[in-house]
Number of protein chains: 2
Amino acid sequence: MTLRRSNLALVLRSLRDAGPRSRARLAADLGLNKATVSSLVAELTDRGLVREGQVERGGIGRPGLTVELAGQSVCGIGAEVNVHHVATLALDLGGAVVSEHRRSLDTASLDAGVVLDHLADLVTRTADDVAAHGARPIALTVGIAGLVDAERAVLTTGPNLGWRDVPVARMLRDRLGSTDSGGYPIVIDNEANLAAIAEATPGDASRRDMLVIFGEVGVGGGIIADGHLLRGHQGYAGEFGHMIVDPTGHRCGCGRTGCWETVVGLRALLDAAADPDDPVRDPRLGLEDRLAEINRRASLGDTRTLAALERVGDWVGVGAGVLTNALNPGVIVLSGYFAEVGSWMRAAIERRLHDAVLAPHAGGTRVELSTQGFTAAVRGAATVALESVFHDPTRVERRVGSSIGGTP
Amino acid sequence: MTLRRSNLALVLRSLRDAGPRSRARLAADLGLNKATVSSLVAELTDRGLVREGQVERGGIGRPGLTVELAGQSVCGIGAEVNVHHVATLALDLGGAVVSEHRRSLDTASLDAGVVLDHLADLVTRTADDVAAHGARPIALTVGIAGLVDAERAVLTTGPNLGWRDVPVARMLRDRLGSTDSGGYPIVIDNEANLAAIAEATPGDASRRDMLVIFGEVGVGGGIIADGHLLRGHQGYAGEFGHMIVDPTGHRCGCGRTGCWETVVGLRALLDAAADPDDPVRDPRLGLEDRLAEINRRASLGDTRTLAALERVGDWVGVGAGVLTNALNPGVIVLSGYFAEVGSWMRAAIERRLHDAVLAPHAGGTRVELSTQGFTAAVRGAATVALESVFHDPTRVERRVGSSIGGTP
């Protein structure tokens, strides 16, 4: 039974990572016999997770119909609470975005209950979109800016939100009502870890050892080691923002002095780039618009803006150098606000990185900007929600009256 | 064939990690059928890797003879070149130390060829010990203080040895002669990574997420993530000693300023603890004796010695805090010279660590001293050499005329 379940998962992940194939080729690729693969495919079809596709050309043996993921059957929902917004996003099994909602919100000035009212509203809209897509939600993962006790589903400390010991999953379920959320589990996770997962495209070998640095007001990230997120002993890995890099510097939101966040977080950039009454520093305005204005000024050659970007870039490079000596990642992905304005910082980052790293040619580490914009965390959350199906396809029930080859 | 090989490896590793068991219990534990397990055990017996042990009580089905590792058949040889000594150690399949040799040597003042003459001499002695044990060497792994290009088997940079681009494996093979070393591969690796592997006892869950900080003159280490050494993109992970923690501080052997090594390496301790003409600073004397003298002075309450140890402990804690925010290890193991004098540093390290780490209660990270003394790296090297058998038992040939149940 356990073996069958893990073989079902093996077939499903193989279709995701290496694309549609005939049963014969699946059997050859997975080292299973063809009768076993046919039986596994039949069960996955019954569960609505795969379907038959086109005739395979040039395959093994006589031509057969390919098997592919039946994308539209189930969705994972991701949600996010950070300092500037709440957001949701749903991915179907094939990885297509089915729903996306975002609301700018100055969350740090609001009560946790009010913020979660807003989030519950977005989750309900997304669940409606999922239903309209003909799918059902399989799980909801909520990313939050702060330290998360995943087992108890509690945000223990969110320095930049000003939250402590908030039982996010329970509060969200209360707001969603049992009809909406009775059917699927709600888990919570650190948003920067989720942003890292969003960068780890399954099957892309060049990203198997990766460091994702995620910055908004808070700075954190994730370490992808050999293709998997490194979570550490109690799930607290990736708190890069609180590495002390400037011991004689500024006080951090966490109470310490000189944390990396104090020199590379969004506030450090904005404080250096603009006067207090400048609209780019107004937390009530949308962050994208404010960053677009920073980009506009930089492209016009504004000295103060460029100097601020270079200074932050220098400090990003210093911290990236520390982490690269320890981890030797193949790629450092800059995510969150870094991705939006990172093209102005990149030269400074790379210079510092090459100076700091002992290994020749910085150990082959490349610096890249995330292409996911502000959706990285919420997309990673939806990916994690879907992952439960790829690990155990029997979580999706068999459909009554389904037949092999049926499509949703 | 590939499946059979991986099943042979599965049985062998299971006997190592979970101890001797009957064929019936092995089959149940591994999810294989009993006939398959019997056939696998027969082949492993033919290869001299397992043998029958005692009658199992309270097992599944009728009582059967247990199967256990045949420890004495093959050995992995580990070797080490660091600033203070060259060393070798051989482990048999059961994990017993079969041979151990060490020679104090001021390697930095000698030519690489001369150092490898000494090392080749120790390897020959160890190979003789292995033969006297009735075993044969399966592989030789050489740990070196510096950056290693494992693929080309070249030490690219050894700042503290003063070596550059030394083809260690080739030079060692030349010195050993083809009769001695023709039969087994020679690979090279970073000594601090190997010291980390030595701490990762297979099957010990509490050490699945671990950080090993290894210090002598140079400082490095290894990250064990989910039970495996994190090597990074090009194998350069673990260069903790060159994280910049004190940008206004001292010049490092690598040419940078303020590397962690400059404040926690052995020289930092000795410079602070003793005048230049004090014998504890004489590199020609054995390191153990010099550290024993430091311990003696500390236990007599010598103020200068205690202050030096506390100061180094503070800096160890600062760097450990940076790494713990990033990695959230369950255990930090202090290895190398840190283990020898670490009891005097421990309070300072733990205090700094608790101050520095964002996660509550320092993320549950414990600080421990290695119990392996100066053998950590060479023991890890021997473990890696043996690992080739645990990954592919067919590397050991079938014995002519062997029979099931035979013992070497």
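Residues numbered from 1 in each chain as written. Chains lettered and ligands numbered in written order. Predicted model: local features only at pLDDT ≥ 70, side-chain atom pairs only at ≥ 80, totals over all residues. Heavy atoms only, no water.

This next bit is on the overall build of chain A. Regarding its fold elements, chain A presents 13 helices and 16 strands. Its C-alpha atoms give chain A a radius of gyration of 23 Å, near enough to 22 Å, the size a compact globule of 408 residues would have. A principal-axis box enclosing the C-alpha atoms of chain A has dimensions of 70 × 55 × 40 Å. When each of the 408 residues of chain A is scored for burial, the buried share is 57%. For chain A, contacts bridging at least 24 residues in sequence account for 63% of all contacts bridging at least 6. Accessible area for chain A stands at about 16,100 Å²; split by element, carbon and sulfur atoms hold 49% of it. In chain A, 42 side chains carry a positive charge and 49 a negative one; their mean positions are 5 Å apart. (Helix = DSSP H or I, 4+ residues; strand = E, 2+ residues; numbered from the N terminus. Rg over C-alpha atoms; globule rule 2.2 N^0.38 Å. Buried < 20%, exposed > 50% of the residue type's maximum accessible area, 1.4 Å probe, protein only. Contact = heavy atoms within 4.5 Å. Areas by Shrake-Rupley, 256 points an atom, 1.4 Å probe, with all protein chains shown as cover. Lys, Arg positive; Asp, Glu negative; His and termini not counted. Charge placed at Lys NZ, Arg CZ, Asp CG, Glu CD.)

Before going further, it helps to spend a moment on the relation of the copies chain B and chain A. Expressed as a screw transformation, the operator carrying chain B onto chain A has a rotation angle of 180° and an axial translation of 0.0 Å, and the superposed copies differ by an RMSD of 0.0 Å. The symmetry that links the two subunits is that of a two-fold axis. Across chain B, the rotation axis passes nearest the C-alpha of Val245(B), at a separation of 3.5 Å. Interface overlap between copies: 100% of the residues of chain B at the interface are likewise at the interface in chain A, consistent with a symmetric, same-surface contact. (Least-squares fit on C-alpha atoms with pLDDT ≥ 70 in both.)

The next point concerns helix H6 (residues 191-199) of chain A. Residue and element names in this part refer to chain A. Burial within H6 is extensive, with nine of its nine residues counted as buried. Looking only at H6, the buried set comprises Glu191, Ala192, Asn193, Leu194, Ala195, Ala196, Ile197, Ala198 and Glu199. At the N-terminal boundary of H6, the capping side chain belongs to asparagine 190, with an oxygen 2.9 Å from the backbone nitrogen of alanine 192. (Polar contact = N/O pair within 3.5 Å; in protein donor to acceptor, adjacent residues only side chain to side chain.)

In this section: unusual backbone geometry. Trans is the common state for peptide bonds, and a negative phi is the common state for residues other than glycine. All names here are of chain A. Even without a glycine there, the phi angle at aspartate 226 is positive, about 50°. Structurally, the position occupied by aspartate 226 is in the loop between strand S13 (219-225) and strand S14 (228-229). Its relative accessible area of 48% is what places aspartate 226 among the partly exposed residues.

Residues and elements named next belong to chain B. Sheet analysis places strand S5 (residues 85-92) next to strand S6 (residues 97-104), joined by seven bridges and oriented antiparallel. Opposite leucine 89, over in S6, you have glutamate 100 as the bridge partner. Counting the residues that bridge the hairpin from S5 to S6 gives four residues, and of these glycine 95 lies at a positive phi of roughly 90°. (Pairing = 2+ DSSP bridges.)

Right, let's talk about the domain arrangement of chain A for a bit. A common way to report how large an interface is uses the accessible area buried once the components associate. Residue and element names in this part refer to chain A. Entries for chain A in the domain assignment read domain 1 (2-70), domain 2 (74-194 + 376-391) and domain 3 (203-372). Averaged C-alpha coordinates put domain 2 and domain 3 at centres separated by 25 Å. On the domain 3 side, the residues contacting the 21 residues of domain 2 number 25 residues. Between domain 2 and domain 3, the buried area comes to about 1,800 Å², and carbon and sulfur atoms account for 48% of it. (Domains from an automatic or database assignment. Buried area = accessible area lost by both parts, 1.4 Å probe.)

Under the defined criterion, the tally for this structure stands at 62 salt bridges over all chains. For Arg51(A), the salt bridge is made with Glu68(A), and the minimal N-O distance between the two is 2.9 Å. Here Arg51(A) is found in strand S2 (residues 50-55), whereas its partner Glu68(A) is found in strand S3 (residues 65-69), with 17 residues between them in sequence. Among the residues examined, Arg51(A) registers a relative accessible area of 19% and is labelled buried. Across the salt bridge formed by Arg16(B) and Glu387(B), the nearest N and O atoms sit 3.2 Å from each other. Placement of the pair is Arg16(B) in helix H1 (residues 2-18) and Glu387(B) in helix H13 (residues 376-391), with a sequence separation of 371 residues. A relative accessible area of 26% means that Arg16(B) is categorised as partly exposed. (Salt bridge = Lys/Arg side-chain N within 4 Å of Asp/Glu carboxyl O.)

With that settled, consider the sheet that holds strand S8 (residues 147-149) of chain A. All names here are of chain A. In space, the three strands of this open sheet follow the order S8-S9-S10, with antiparallel pairing throughout. Only two strands of the sheet have a single neighbouring strand rather than two, namely S8 and strand S10 (163-166). Going from strand to strand, the sheet's axes swing by 20° on average, the running direction of each strand aside. The pairing of strand S9 (residues 154-158) with S10 spans three bridges and is classified as antiparallel. Paired with threonine 157 across the strands is arginine 164, a residue of S10. (Axes fitted to C-alpha atoms, helices over the stretch in contact; angles between N-to-C directions.)

Another aspect to go through is the packing of helix H8 (residues 266-273) of chain A against helix H10 (residues 303-327) of chain A. When two helices pack together, their arrangement is captured by the angle between the axes and the distance separating the axes. Residue and element names in this part refer to chain A. Between H8 and H10, the least distance of the axes is 8 Å, while the angle of their chain directions is 150°. Considered as vectors, H8 and H10 are oriented roughly antiparallel to each other. The crossing of H8 and H10 is right-handed. Contact with H8, carried on its side by Leu269, Asp271, Ala272 and Ala273, involves Arg304, Ala308, Leu309 and Val312 of H10 and no other residues of that element. The class makeup of the residues in the contact of H8 with H10 is six nonpolar, no polar and two charged. (Parallel < 35°, antiparallel > 145°, perpendicular 65-115°, else oblique. Left-handed = near helix turned anticlockwise from the far one by under 90°. Nonpolar A, V, L, I, M, F, W, Y, C, P; charged D, E, K, R; others polar.)

Let us look at the environment of Val212(B). Residue and element names in this part refer to chain B. Take valine 212: it is sitting in strand S12 (residues 210-215). Placed 170 residues apart in sequence, valine 212 and alanine 382 show a C-alpha to C-alpha distance of 18 Å. Excluding residues that lie within four positions of it along the chain, valine 212 makes contacts with Ala195, Ala196, Glu199, Gly220, Gly221, Gly222, Phe240, Val333 and Ser335.

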